[in-house]
Amino acid sequence: MSSDSLENFIQQNDQLHRLMDPFVPGDLPVNHTAYRQVLNLFLDTNIDVYAPNATGNFPVLYFATGFGAIIPAEAHTILLSSIASHGVVVVAVWKLGSPEDSFNPEWFEATVDFVENRLENSLHNQEGYVSDFHVDYLHSFISGHSGGSHVAVSQLQTNCLHYQGLILLDAVDGNNPIPENITMYVITPGQKVNFTIPTLQIVTGLDPVVGPYGLACAPEELSGRRFFDAMTGPTWYVNATAYGHADLMDPIYVELNEVTQFCPSDPNVPKEEYIQFLTGEIISFMNGVLEPVGNCALFDYLETSGLVGINTENDYVSNGWDRCTPLQCVLTPSSYSFFLSFL
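Quantities reported herein were computed from a predicted structural model and do not represent experimental measurements.

Cut-off values and rules
Residues numbered from 1 in each chain as written. Predicted model: local features only at pLDDT ≥ 70, side-chain atom pairs only at ≥ 80, totals over all residues. Heavy atoms only, no water. Helix = DSSP H or I, 4+ residues; strand = E, 2+ residues; numbered from the N terminus. Rg over C-alpha atoms; globule rule 2.2 N^0.38 Å. Buried < 20%, exposed > 50% of the residue type's maximum accessible area, 1.4 Å probe, protein only. Contact = heavy atoms within 4.5 Å. Areas by Shrake-Rupley, 256 points an atom, 1.4 Å probe, with all protein chains shown as cover. Lys, Arg positive; Asp, Glu negative; His and termini not counted. Charge placed at Lys NZ, Arg CZ, Asp CG, Glu CD. Disulfide = S-S within 2.5 Å. Axes fitted to C-alpha atoms, helices over the stretch in contact; angles between N-to-C directions. Parallel < 35°, antiparallel > 145°, perpendicular 65-115°, else oblique. Left-handed = near helix turned anticlockwise from the far one by under 90°. Nonpolar A, V, L, I, M, F, W, Y, C, P; charged D, E, K, R; others polar. Patch = residues over 30% accessible without salt bridge, like charges linked within 9 Å, V, L, I, M, F, W, Y side chains within 5 Å. Salt bridge = Lys/Arg side-chain N within 4 Å of Asp/Glu carboxyl O. Expected span 1.5 Å × (residues − 1). Pairing = 2+ DSSP bridges.

Help me understand the overall build of the chain, please; the structure alone is not making it clear to me.
The number of helices and strands found in the chain is eight helices and 11 strands. Relative to its length of 343 residues, the chain is compact, with a C-alpha radius of gyration of 19 Å against a globular reference of 20 Å. The principal-axis extents of the C-alpha atoms in the chain amount to approximately 70 × 45 × 45 Å. Within the chain, the proportion of its 343 residues that are buried is 52%. Considering only contacts within the chain whose residues lie at least 6 apart along the sequence, 75% involve residues at least 24 apart. Just so you have it, the chain exposes about 14700 Å², and 54% of that area is on carbon and sulfur atoms. Taking the average place of the 9 positive charges on the side chains of the chain and the average place of its 39 negative ones, the gap between the two points comes to 4 Å.

I keep staring at the state of the cysteines and nothing clicks. Help me out?
Disulfides are covalent bonds that connect the sulfur atoms of two cysteines. Taken as a whole and assessed by the stated rule, the structure comprises three disulfides. The disulfide bridge from Cys160 ends at Cys329, spanning 2.0 Å between sulfur atoms. Disulfide Cys160 to Cys329: torsion about the S-S bond roughly -65 degrees, handedness left-handed. Of this pair, Cys160 sits in the loop between α5 (149-156) and β6 (163-169) while Cys329 sits in the loop between β10 (312-317) and β11 (330-331), placing them 169 residues apart in sequence. In this model, Cys217 is linked to Cys263 through a disulfide, with the two sulfur atoms separated by 1.9 Å. The sign of the S-S torsion, about -90 degrees, decides the handedness of the disulfide formed by Cys217 and Cys263: left-handed. Placement of the pair is Cys217 in the loop between β8 (199-204) and α6 (225-228) and Cys263 in the loop between α7 (251-260) and α8 (271-290), with a sequence separation of 46 residues. For Cys263, a relative accessible area of 5% gives the class buried. Take the cysteines of the chain that form disulfides and number them in order along the sequence; they join up as 1-6, 2-3, 4-5.

Looking at this structure, how should I read the packing of helix α3 (residues 77-84) against α8?
Pairs of packed helices are described in terms of their axes, by the angle between the two and the distance that separates them. Where α3 contacts α8, the axes come no closer than 9 Å and their chain directions differ by 40 degrees. Here α3 lies oblique to α8, going by the angle between them. For the pair α3 and α8, the crossing hand works out as right-handed. Seen from α3, the contacting residues are Ile78, Leu79, Ser82 and Ile83; seen from α8, they are Ile275, Leu278, Thr279, Ile282 and Ile283. Among the residues making up the contact of α3 with α8, the classes are represented as seven nonpolar, two polar and no charged.

What exactly am I supposed to notice about a nonpolar patch on the surface here?
A surface patch of nonpolar side chains, amounting to about 370 Å² of accessible area, comprises Phe67, Tyr213 and Phe262. You can see Phe67 is positioned in helix α2 (residues 66-69).

Quick question: what am I supposed to make of α8 here?
Since the α-helix advances by 3.6 residues per turn, residues separated by three or four positions end up pointing in the same direction. Taking 1.5 Å of rise per residue, the 20 residues of α8 would be expected to cover 28 Å, and the 29 Å separating its terminal C-alpha atoms lies within 8% of that figure. Summarising burial for α8: 15 of the 20 residues are buried, a large majority.

Can you help me understand the sheet that holds strand β9 (residues 235-240) in this one?
As a general point, the strands of a sheet are linked pairwise by backbone hydrogen bonds and lie either parallel or antiparallel. Read across the sheet, nine strands follow the order β1-β2-β4-β3-β5-β6-β8-β9-β10 without closing on themselves; strand pairing throughout is mixed. At either end of the open sheet lies a strand with only one pairing partner, and these are β1 (30-35) and β10. Strand-to-strand twist in this sheet, taken as the mean axis angle between neighbours without regard to direction, amounts to 20 degrees. In terms of strand pairing, strand β3 (residues 56-64) meets strand β5 (residues 133-145) through nine bridges, oriented parallel. Bridge assignment links Leu61 to a residue of β5, and that residue is Phe141. Lying over the sheet, α3 contacts β1, β2 (46-52), β3 and β4 (89-94), oriented at roughly 40 degrees with respect to β2.

Hey, could you run me through the environment of Val308 in this one?
Position of Val308 among the secondary structure elements: in the loop between α8 and β10. Judged by its relative accessible area of 27%, Val308 is partly exposed. With 28 residues separating them in the primary sequence, Val308 and Gly280 have C-alpha atoms 9.1 Å apart. Ignoring sequence-local partners within four residues, the contact set of Val308 consists of Phe23, Glu273, Gln276 and Phe277.

The following block contains the structure:
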């Protein structure tokens, strides 16, 4: 075997290894580009783009930050960069203001339009991305952390657009942290949502624990199973039992939270491994959804405890989906699930 053939063989097997084990660090170089609303005529929000500056067609992951997308994206730089290093264009969306504004689906529309029509050219012309880098917005996922989850759900309640999957991290419903004061919400307990889409929901064991200020960052009645039970597509539920609501943030924010105990957290559990775990779960879900026939085994990672040393409680409901078959997002009546499959 020639040296060139050997090198190609090693590269191919390394790529296969990374696909099989998404919990190892991605090897693509990642750039961070900030677009601010006040400096851009085409945006109604701020967005931070974490994308691989490399050759390829890369799917998009929209990420709405916490408190209804008012937390600056820089609080999640390590996690979002880690995801991007596996070949994902991560678009973190946030805007200082009232979290109630983001219940309106139109709040997000300018961001999607910017990503689909302007982002790739901007990264090429202004940020020096390689010529064969492409934003594959036809294969997009939408996600949110904490109160940012209602942004993702409200989007899907009106239009599937190009969304292939939904990812909920420590999802919390409602426009107020005090349950009895809520006047706006996206999930009605006992009712199903009006869309069908593959969903990954990751929660933490300390999410519903009441902190020293008398509030939980994810009250049980507003989080967890509230979302899981409402979904109509295949849904994976992963509970990282030892972790807390803010443990996916960058170290300075985690340390600040541990000092204030705003959201209960255990300072003794390893946070770096948790970021690695979240990355692996998210990449497994995305690659499985994008290629459910060839990558179906990746769904097993969403149903397995102990990965990267993180103990989890796992649940899964198919809602009528035949495992390993293709599907796409569809709007449906709220009382039943419907799948549009393609051979």
